[in-house]
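# Fold and geometry: a report
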Amino acid sequence: MTNLLSTKDTLSDIEDNVVERNNRKRLKELGAIKPTLFIIRGINGSGKTSLARRVCPARTVSDTDYFQKEADRKDDSYKNIYDESQHIHAYNFCLFKVEEWMQADPTTDICVANPFTEKDQFYPYINLADEYGFQVSVIRCENYFGNTHAITGKEISKQYRELKKVFRWTGH
């Protein structure tokens, strides 16, 4: 009997969650709630992309996506393609994707997950959010789960130092 109650409670929770999501989406469509642009930052290996994909499963982009796309295009591996000097292209790729999603559906939350070690890297996203009516939430990942990318320990240390310097953004 306990298992049956647990199952009913779980089904009820799921139904409530579905209703809540539908209500939230409808309120966004009516303009009563702004959608959110989540800016997720942290060193490589901190879990940014994993977190982003949990928060916004269908609309997450990261610098990793750019390098993986390049690797796929060249029929090569991510580790062979990754180049720190190419990060500007990865950031532009992400910015373009975020704007594309905002234009296509201005009611659904979006996540962008990049190191964001320099404060100037935030501003284009904040400007897009203002332009398309999104609120902004910045999340800083401080974990380290290990580096699955082709990034050296020296680069990770540099990211960590730079991340510590960046101001704590609380609004605009």
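What counts as what
Each chain has its residues counted from 1, running along the sequence as written. Thresholds applied to this predicted model are a pLDDT of at least 70 for local features of residues and 80 or more for the giving and counting of side-chain atom pairs; totals over whole chains, interfaces and linings are not thresholded and use all residues. Water and hydrogen atoms were dropped before computing side-chain values, which therefore reflect all heavy atoms in the structure. At least two bridges found by DSSP between two strands are what make those strands a pair. We count a stretch as a helix when DSSP gives it H or I for four or more residues in a row; a strand needs E for two or more, and each element gets its number in order from the N terminus. Axis definition: a line fitted to C-alpha atoms, over the contacting stretch in the case of helices. Angles run 0 to 180 degrees between N-to-C directions. A helix is expected to reach a length of 1.5 Å times the quantity of its residues less one. Only protein chains enter the accessibility calculation, which uses a 1.4 Å probe; a residue is then buried when its area is under 20% of its type maximum, exposed when over 50%, and partly exposed in between. The directions considered for the arc are those from the helix axis to the C-beta atoms. The contact rule is simple, with two residues in contact once any of their heavy atoms fall within 4.5 Å. pLDDT expresses, on a scale from 0 to 100, how confident the predictor is about each individual residue. By convention, a stacked pair of Phe, Tyr or Trp rings (six-membered ring in the case of Trp) has centres within 6.5 Å and planes under 30 degrees apart, an edge-to-face pair has planes over 60 apart, and any other such pair is tilted. Joining through side-chain atoms within 4.5 Å is the link that ties buried Ala, Val, Leu, Ile, Met, Phe, Trp, Tyr and Cys residues into a set, and such a set is a nonpolar core.

Strands pair in a sheet through their backbones, by hydrogen bonds, and they do so in one of two ways: parallel or antiparallel. Read across the sheet, four strands follow the order E2-E3-E1-E4 without closing on themselves; strand pairing throughout is parallel. Among the strands making up the open sheet, the edge pair consists of strand E2 (60–62) and strand E4 (135–140). Neighbouring strand axes in the sheet, compared pairwise and without regard to direction, differ in orientation by 20° on average. Looking at chain direction, E2 and strand E3 (residues 110–113) are connected through three bridges and run parallel.

Our focus in this paragraph is helix H5 (residues 87–104). With 18 residues, H5 should cover 26 Å at 1.5 Å per step; its first-to-last C-alpha distance of 26 Å lies within 8% of that length. Of the positions making up H5, those classed as buried are His87, Ala90, Tyr91, Cys94, Val98, Trp101 and Met102. The buried residues of H5 all sit within an arc of 110° when viewed along its axis, so they share a single face. Residues of H5 that are exposed and point over 90 degrees away from its buried face: Ile88, Phe96, Gln103 and Ala104. Contact partners of the buried residues in H5: strand E1 (36–41), E2, helix H3 (63–73), E3 and helix H6 (123–132).

What follows deals with the environment of Leu128. Relative to the helices and strands, Leu128 is located in helix H6. On the basis of relative accessibility, which here comes to 7%, the residue Leu128 falls in the buried class. When the C-alpha positions of Leu128 and Leu95 are compared, they lie 8.8 Å apart, and in sequence the two are 33 residues distant. Sequence-distant contacts of Leu128, that is, excluding residues within four places in its chain, are made with Leu95, Val98, Glu99 and Met102.

Mean pLDDT over the chain: 77, with 65% of residues reaching 70 or higher. Predicted confidence in the chain is weakest over helix H1 (residues 2–29), with a mean pLDDT of 54, and strongest over E3, with 96.

What follows is about the packing of aromatic side chains. Under the definition given, this model contains five aromatic pairs. Relative to Phe116, the ring of Tyr91 has its centre 5.9 Å away and its plane inclined at 35°; by these criteria the two rings are tilted. Of this pair, Tyr91 sits in helix H5 while Phe116 sits in the loop between E3 and H6; the two residues are 25 residues apart in sequence, bridging distant segments of the chain. Phe116 carries the same exposure label as Tyr91, and that label is buried. The structure contains a cluster of three or more aromatic residues connected by ring pairs, namely Tyr91, Phe116, Phe122 and Tyr125.

Position of Tyr78 among the secondary structure elements: in helix H4 (residues 78–81). Assessed through its relative accessible area of 10%, Tyr78 is described here as buried. On a C-alpha basis, the gap between Tyr78 and Thr64 in space is 8.6 Å, while along the polypeptide they are 14 residues apart.

Another point: the nonpolar core. Within soluble globular proteins, side chains that are nonpolar generally end up buried alongside one another. Counting residues in hydrophobic clusters, the biggest one holds 17 residues, and the most contacted among them are Leu37, Ile39, Val98, Met102, Ile110, Val112 and Tyr125. Only E1, H5, E3 and H6 provide two or more residues apiece to this core. The residues contacting Val98, other than those within four sequence positions of it, are Leu37, Val61, Ile110, Val112, Tyr125 and Leu128.

Moving on, we get to H3. Spacing of three or four residues puts side chains on the same side of an α-helix, whose turn is 3.6 residues. For H3, the complete set of buried residues consists of Asp63, Thr64, Asp65, Tyr66, Phe67, Glu70 and Ala71. Positive backbone phi, approximately 50°, marks Asp75, located one or two places after H3.

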